[in-house]
Amino acid sequence: MSAVPTDHGVASLGEFTFECGQSVPDFEVAYETHGEFDGDNVVLICHALTGSQNVARSPEPEREEGGTGAGQAGQARAWWDDVVGPGKAIDTTEYYVVCANVPGSCYGTTGPASERPADLELREDPDHDRWGTAFPPVQVEDWARAQRRLLDHLGVGRLRAVVGGSVGGMNALEWAKRYPDDVDRVVAIATAGRLDAQCLALDAVARRAIRADADWNGGDYYGDDRPDPTEGLAIARQIGHIMYLSKASMERKFGRRSAGRDSLTREDGDLGLPPEPTAGFFPYREVESYLDYQAEGFGDRFDANSYLYLTRAMDEYDLAAGHGTDADALAAFEGETLLLSFTADWHFTVEQSGSLADAFRDSGVPVAHHVVDSDHGHDAFLVEPEHVGPPVRDFLADGVEGRAVSDEAGGDGDDPRPDSDHAPVHASLFRG
């Protein structure tokens, strides 16, 4: 398959006022594109919590060695490469794919870790040149508005589709609500119209882990002489990964087994925390080693304040806000929608996707709720491309009548695949 044109950069969009009413004077958005724009083939992809604009592998050698994705791991780099690319489900020889890093993140779009204007008066005067926690509160609505501004900058009007998973799916839903005339099709994967109480609680604990780290210093940890709050961020990351796996997949992958010699040792793991006097008497288990592996180095590629900001945005999102019901919020959308959910995902459940499907139907929107039988939990939307790709591909081409698209409400929700046990122990490395 021949290479397709790619582009990546940072667009300066001038002053940007957030939903909270606060603004930044020189707002920048980091983005990446794949394919050629023909005026009617744009697919906007919305990344998940700690993802980046680098949705697929670039064929350019200099991009791979030292571009925007250099030094990044996991979902920050080519995080959906099995789905996006030449000849793949979202075929970059057919579609012009755009992916942008969201406001508040740390991969080039303006956020807490970005340099602030030198003459800006902050509530406090920290001894560094970053925004820190003086950055305006961010909401999912701001993500969609920033993407619209970027697309205008790129000369793009109407979209063939908006596609997103997890909180990126909320971002995609916001497009149907906020810009109903600008998009033909919406694909919302492993998502919901709002978080439930259990997920809100776990996100709150994750944020408290960051704030409890003495090195967080009220968010003013930038500068060579100030250590980052890596331990608090690592614990927050571990809490997140527990949310991304199902009970069945954790039992299958780890059980109660002790970690082998190839895993991190207890001394290497435990996030540098003080030793537990009785720990030597008990095994260091594979599940502990896995969590330490996931947290190791996360602070090198992600900013703790960004984690606080983005989880707050996810927690705050409510599709029905300002409209009363989800159906009312979606009433102006006249396109088609594909919702994908996974049977063992307790972060964003099948039932929550089913409620979204009902809301679209109540609004008269053609919708298919495609349910995948999987025990991989929330991670499934990233580690099972062979079951995500076909319905997405056929929906982009033919809408809800696509060959590989099924609809639970239509009685065709059975997934014919055999039960899969292919995911490696560290598959969640690719989750945001």
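Just so you know, these numbers come straight off a predicted model, no measurement behind them.

Enquirer: How should I be thinking about helix H2 (residues 140-154) in this particular structure?
Expert: The α-helix advances 3.6 residues per turn, and as a result positions three or four apart in sequence lie on the same side. For H2, spanning 15 residues, the distance from its first C-alpha to its last is 21 Å, which sits close to the expected 21 Å at 1.5 Å a residue. The buried count for H2 comes to 11 of 15 residues, which makes it a mostly enclosed element. Within H2, burial applies to Val140, Glu141, Asp142, Trp143, Ala144, Arg145, Ala146, Gln147, Arg148, Leu150 and Leu151. Just past H2, the residue glycine 155 takes up positive phi, approximately 80°.

Enquirer: Quick question: what am I supposed to make of the UniProt feature "active site" (unreviewed entry) in the chain here?
Expert: Using the residue numbers shown here, the UniProt feature "active site" (unreviewed entry) corresponds to Ser166, Asp345 and His378. The largest pairwise C-alpha distance within this set of annotated residues, which runs over 213 residues, is 10.7 Å, so the set is compact in three dimensions. By the secondary structure assignment, aspartate 345 is in the loop between strand S11 (336-342) and helix H11 (350-362). Looking at aspartate 345, the relative accessible area reads 2%, which means it is buried. As for its placement among the helices and strands, histidine 378 is situated in the loop between strand S12 (367-372) and helix H12 (380-383).

Enquirer: I tried to follow the sheet that holds S11 on my own but got confused; where do I start?
Expert: Strand pairs in the sheet, formed through backbone hydrogen bonds, run parallel or antiparallel to each other. The mixed open sheet is built from 8 strands, whose spatial order is S1-S4-S8-S5-S9-S10-S11-S12. Both outer strands of the open sheet, strand S1 (6-12) and S12, are each paired with one neighbouring strand and no more. Between one strand axis and the next, the sheet turns through 20° on average, direction left out of account. Looking at chain direction, S11 and S12 are connected through 6 bridges and run parallel. For leucine 339, the partnering residue across the bridge sits in S12 and is histidine 369. H2 contacts S1, strand S4 (28-34), strand S5 (42-46), strand S8 (96-100) and strand S9 (159-165) of the sheet and is inclined by roughly 60° relative to S4. Packed on one face of the sheet, helix H3 (residues 167-178) meets S5, S9 and strand S10 (183-189) and runs near 150° to S9.

Enquirer: Explain the pairing of S5 to me, please; I cannot follow it from the model alone.
Expert: Within a regular beta strand, the side chains point alternately toward one face of the sheet and then the other, so they alternate between its two faces. Counting buried positions along S5 gives 5 out of 5 residues, so the element sits mostly inside the fold. Residues Val42, Leu44 and Cys46 of S5 are buried on one face, and the alternating residues Val43 and Ile45, pointing to the opposite face, are buried as well. In the sheet, S5 pairs with S8 via 4 bridges, with the strands oriented parallel. Within S8, the residue paired with valine 42 across the bridge is tyrosine 96. Where S5 and S9 come together, 4 bridges link them in parallel fashion. Residue valine 43 lies in a different strand from S9, and its bridge partner there is alanine 161.

Enquirer: I'm lost on the pairing of S10 in this one. Help?
Expert: Taken across its 7 residues, S10 has 6 buried, putting it largely inside the fold. Two strands pair when backbone bridges link them, and S9 and S10 are joined in this way by 6 bridges, in the parallel orientation. Each residue of the ladder has a partner; that of valine 163, found in S10, is valine 187. Once the chain exits S9 it traverses H3 before rejoining the sheet at S10, and the crossover so formed is right-handed. Summarising the sheet, S10 and S11 pair through 5 bridges and their orientation is parallel. Residue pairing across strands places alanine 188 opposite leucine 339, the latter belonging to S11.

Enquirer: Got a minute to help me understand the environment of threonine 33 in this structure?
Expert: Mapped onto the elements, threonine 33 comes out in strand S4. In this structure threonine 33 comes out as buried when scored by relative accessible area, which is 3%. Remark: the alpha-carbon pair of threonine 33 and valine 98, spanning 65 residues in sequence, is separated by 4.5 Å. Discounting chain neighbours no more than four positions away, the residues touching threonine 33 are Pro5, Thr6, Asp7, Tyr96, Val97, Val98 and Leu154.

Scoring rules and cut-offs
Residues numbered from 1 in each chain as written. Predicted model: local features only at pLDDT ≥ 70, side-chain atom pairs only at ≥ 80, totals over all residues. Heavy atoms only, no water. Helix = DSSP H or I, 4+ residues; strand = E, 2+ residues; numbered from the N terminus. Expected span 1.5 Å × (residues − 1). Buried < 20%, exposed > 50% of the residue type's maximum accessible area, 1.4 Å probe, protein only. UniProt positions renumbered as here; feature names shortened; annotations may be inferred. Pairing = 2+ DSSP bridges. Axes fitted to C-alpha atoms, helices over the stretch in contact; angles between N-to-C directions. Contact = heavy atoms within 4.5 Å. Right-handed = clockwise from strand over helix to strand, strands pointing away.

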